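Read off the chains here:
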Amino acid sequence: SVQAHKEEDNPPKTMEVNVLTPLPDSYDYDLIVIGGGSGGLAAAKEAAKYGKKVMVLDFVTPTPQGSSWGLGGTCVNVGCIPKKLMHQAALLGQALQDSRKFGWQFTEEVKHNWMTMTESVQNYIGSLNWGYRVALRDMKVTYENAYGEFVGPHTIKITNKKGIEKLYTAERFIIATGERPRYLGIPGDKEFCISSDDLFSLPYCPGKTLVVGASYVALECAGFLAGLGLDVTVMVRSILLRGFDQDMANRIGEYMKEHGVNFIRQFVPIKVEQTEEGTPGILKVTAKSTTGDQIIEGEYNTVLLAIGRDPCTRKIGLDKVGVNINEKTGKIPVSDEEQTNVPYIYAVGDILQDKLELTPVAIQAGRLLVRRLYAGTTTKCDYVNVPTTVFTPLEYGACGYSEETAVEKFGEENIEVYHSHFWPLEWTVPSRDNNKCYAKIICNIQDNERVIGFHVLGPNAGEVTQGFAAAIKCGLTKEQLDSTVGIHPVCAEV
Amino acid sequence: MGWEEVQVRGYPEFVRTAESFHGRPIFALFCGDKDAEGRSWCPDCVTAEPIVRKELHNLPDQSVFIYCLVGDRAYWKDPNNEFRRNLKLTGVPTLLKYGTPQKLVEEECFKAELVRMLFTED
């Protein structure tokens, strides 16, 4: 039978669970959320608002290099937040260069201090971690820094850093465990390479860096590292930014290449060795061509792997409660109400199959789910026309269909693409590129030339895209766009 | 050994004292000056102090509790005073764990639960 051990007992290390046992008539919690990231925290806080008894479990398994972090999930600790701050650091470096043309005079050469930047960023993240803990405590949500896994119906076992285990039951569960970076599976990868999980708290400047991968994580990191003055090379197996509009992806790559980022295309690393210890040391990378037998070698201070992220769903006991996962990808298929195949278990965030991996999506899904469960609403999360931005040195904002997907879905003859290069006014004086910034909209001819895709490449792309996303949600047509008077002089008027 | 309390007034004395205890966990409560009758010009500080004091027994061993009077109301209102500039304080009362981003500001200090969390959790 299921024994719920209270804190005072000494629980045995192994638990026996009889699946046919009748469930306790009152659960320890109304809701247990496994994962304290964007989706999990949003759901937990919302449930607390409706007076539910909620527990949040959050636990970070340290990286192979030993990095770990506090409450808040990927976005806050090793994702969006530090990424954008470091991207900003790089932009400021560029601004300093531009400033001379605008009349600012300074004699010293400007240098960048990695430790100063990293300490400031980590300090800010620390205040966010603390803020979440205060918020949870204030809302009477129980938070445990412990690893949660299912051991039987409605029952989880949690294990903290010291190995102490406890059992809890809940009426409902939300799985929001997120993902972690994938490794290559080659000699030396876990020993010597770092990932985005390590980069934002790296206690030494990474130096000459090889970034492996062509995801937005790879390009954003390569972009700001180069912007801070480091020697950066990106090794790409095939295409850039899979899943994104490929014309825009190639423009981003071209811009980065012209601005000092080296690209090695159609190669994959097969071995990483350490030739010299140090912080950073020197690593030798051997890579093989994907199109032939050619082998190349290179030496770098740091190798950053950014080849994808895998869901944390394989070691949380889902088999004990019968939750289906996609065996190949680890993702959890859910209904349009975020329910798994087990009625009392739900899931939100990056682990969902076929859904966008974005913080605002996870937050929205988590909140709406909880409102449906406890406040009687019926609103579902709208996953259509979600805007995104890639913070590469030349930022890329998008909402809706890529050109290729639009052609595939509607037929080339039924879509019309309007596009334009533009030269930001702020770039004229410092003689920055006049033909790189670019915007295009994709319209559905059969539906009043409805705007079904919006793409912009230029400064502040995120800020520009947000407003257009709202317009697209309202059914913006080309005619309405044309009849909207532009603001001058801004990039968005194009 | 348990915890100990030190009372200071003004920014230079605070910094000197905190530095002298380098290596030990340091918690600090910043309040507005008190008049001859022992009443602070800051009403929230008057409310918070007893609540904080009631939780002091939860302080970890070896820690230091610095009770710091920041100055008079005019000094505090100056947006450039050293506490605002260097310690990034935004209001009084502020209760913080020195050297970390962990702090409680104003009404947060009225909540015994939060004070206890600051004192006892990492």
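Residues numbered from 1 in each chain as written. Chains lettered and ligands numbered in written order. Predicted model: local features only at pLDDT ≥ 70, side-chain atom pairs only at ≥ 80, totals over all residues. Heavy atoms only, no water.

A. Focus on the UniProt feature "binding site: FAD" (unreviewed entry) in chain A. Residue and element names in this part refer to chain A. Feature annotation in UniProt places "binding site: FAD" (unreviewed entry) on Lys84, Gly148 and Asp350, given in this structure's numbering. A stretch of 267 residues holds the annotated residues, and the largest C-alpha distance among them is 30.4 Å, long enough that they do not meet in one place. Since its relative accessible area comes to 35%, Lys84 is described here as partly exposed. Looking at where Gly148 falls in the secondary structure, it is placed in strand S4 (residues 146–152). For Gly148, the contacting residues outside a window of four places in its chain are Ile34, Leu57, Lys157, Ile158 and Ile316. (UniProt positions renumbered as here; feature names shortened; annotations may be inferred. Buried < 20%, exposed > 50% of the residue type's maximum accessible area, 1.4 Å probe, protein only. Helix = DSSP H or I, 4+ residues; strand = E, 2+ residues; numbered from the N terminus. Contact = heavy atoms within 4.5 Å.)

B. Molecular detail of the sheet that holds strand S3 (residues 64–69) of chain B. Residues and elements named next belong to chain B. One open sheet accounts for five strands, arranged S1-S3-S2-S4-S5; its pairing is mixed. Each edge of the open sheet is held by one strand with a lone partner, namely strand S1 (4–9) and strand S5 (103–105). In this sheet, adjacent strand axes meet at a mean angle of 15 degrees when their direction is disregarded. Where S1 lies against S3, six bridges are found, and the strand directions are parallel. Across the sheet, the residue bridging to Gln7 is Tyr67, located in S3. The strands touched by helix H2 (residues 43–55) within the sheet are S1, strand S2 (26–31), S3 and strand S4 (94–97), with S3 carrying the most contacts at an inclination of about 165 degrees. Where helix H5 (residues 112–120) meets the sheet, its contacts fall on S2, S4 and S5, and the angle it forms with S4 comes to roughly 25 degrees. (Pairing = 2+ DSSP bridges. Axes fitted to C-alpha atoms, helices over the stretch in contact; angles between N-to-C directions.)

C. A look at the interface of chain B and chain A. The interface of chain B with chain A comprises 12 residues on the first partner and eight residues on the second. The largest per-residue losses of area from chain B upon contact with chain A belong to Pro101, Glu113 and Met117 of chain B, which jointly make up 47% of the total buried on that side. Viewed at the interface, chain A and chain B are joined by four salt bridges. Its salt-bridge partner being Glu121 of chain B, residue Arg133 of chain A comes within 3.0 Å of it at the nearest N-O pair. At the boundary of chain B with chain A, the tally comes to five residue pairs in polar contact (both at pLDDT 80 or more). Mapped by element, the contributors of at least two residues to the side of chain B that touches chain A are S5 and H5 of chain B. (Buried area = accessible area lost by both parts, 1.4 Å probe. Salt bridge = Lys/Arg side-chain N within 4 Å of Asp/Glu carboxyl O. Polar contact = N/O pair within 3.5 Å; in protein donor to acceptor, adjacent residues only side chain to side chain.)

D. The UniProt feature "domain: Pyridine nucleotide-disulphide oxidoreductase dimerisation" (unreviewed entry) in chain A, seen in detail. In the numbering adopted here, UniProt assigns the feature "domain: Pyridine nucleotide-disulphide oxidoreductase dimerisation" (unreviewed entry) to residues 386–493 of chain A. Helix makes up 28% of residues 386–493 of chain A and strand 30%, and the two end C-alpha atoms of the span are 21 Å apart.

E. Layout of the pattern of salt bridges. Residues and elements named next belong to chain A. Counted under the stated rule, the structure contains 38 salt bridges over all chains. Across the pair Asp310 and Arg182 runs a salt bridge, and its minimum N-O distance is 2.9 Å. You can see Asp310 sitting in strand S16 (residues 309–311) and its partner Arg182 sitting in the loop between strand S7 (179–181) and helix H5 (189–192), a full 128 residues away along the chain. A relative accessible area of 30% places Asp310 in the partly exposed class. According to the relative accessible area criterion, Arg182 is partly exposed, its value standing at 34%. Residues Glu337 and Arg372 are paired through a salt bridge, measuring 3.8 Å at the closest nitrogen-oxygen approach. Here Glu337 is found in the loop between helix H9 (318–321) and strand S17 (345–347), whereas its partner Arg372 is found in helix H10 (residues 359–374), with 35 residues between them in sequence.

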